[in-house]
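The chain contents come next:
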Amino acid sequence: MATVALTIQGSIMTSNMITPTVKINGNWINTQYGLQNIPVPAGRVDVEAYAQWLRTYGQAWLHFTAEPGQVVPVFYAAPMHQFTTGNIGHQKQPRKGMGVFIGMMGFLALVIVCAILVPILSGM
């Protein structure tokens, strides 16, 4: 046996209220944010992860060979929005979509500021 040290990056406050779905060698894994050690048979290991909100997004796959007794670190990071893939690898992963997320939040802030300032400046 070997162990997959799976870390799902983020939390319900920074990522998604619904924990990402993970399949290892085709089997669904009960997941949570943070580190969880999952025993797997030694040999080829296939890890699939994705997030779900209004649609399935953030798909990512990782394939590797685990030796008996080996602990293999696997990190999954769901993206910041639903229109791109996720990142998975053996080191901590960056989250895709940060630029789009910051742009959307900036646009929303601009709309709110304009909704407040336009009536004030027009004398209403």
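Presented here is a report on the structure given in the accompanying data block. Computed from a predicted structure; not experimentally measured.

1. As for the pairing of strand 5 (residues 43-52)
Note: strand 2 (residues 21-24) against strand 5, 4 bridges, orientation antiparallel. Bridge pairing in strand 5 places T21 opposite Y50. Pairing between strand 5 and strand 6 (residues 56-66): 9 bridges, direction antiparallel. The partner of V47 across the bridge, within strand 6, is L62. Connecting strand 5 to the antiparallel partner strand 6 that follows it, the hairpin turn spans 3 residues.

2. Looking at the pattern of salt bridges
Two side chains of opposite charge can pair, provided their charged atoms sit close to one another. In the structure shown here, the tally under the stated rule is 2 salt bridges. Salt-bridge contacts for E48 lead to K23; the nearest nitrogen and oxygen are separated by 3.9 Å. Of the two residues, E48 sits in strand 5 while K23 sits in strand 2, which places them 25 residues apart along the sequence. E48 gets classed as partly exposed once you look at its relative accessible area, which sits at 24%.

How each quantity is defined
Residues numbered from 1 in each chain as written. Predicted model: local features only at pLDDT ≥ 70, side-chain atom pairs only at ≥ 80, totals over all residues. Heavy atoms only, no water. Pairing = 2+ DSSP bridges. Helix = DSSP H or I, 4+ residues; strand = E, 2+ residues; numbered from the N terminus. Salt bridge = Lys/Arg side-chain N within 4 Å of Asp/Glu carboxyl O. Buried < 20%, exposed > 50% of the residue type's maximum accessible area, 1.4 Å probe, protein only.

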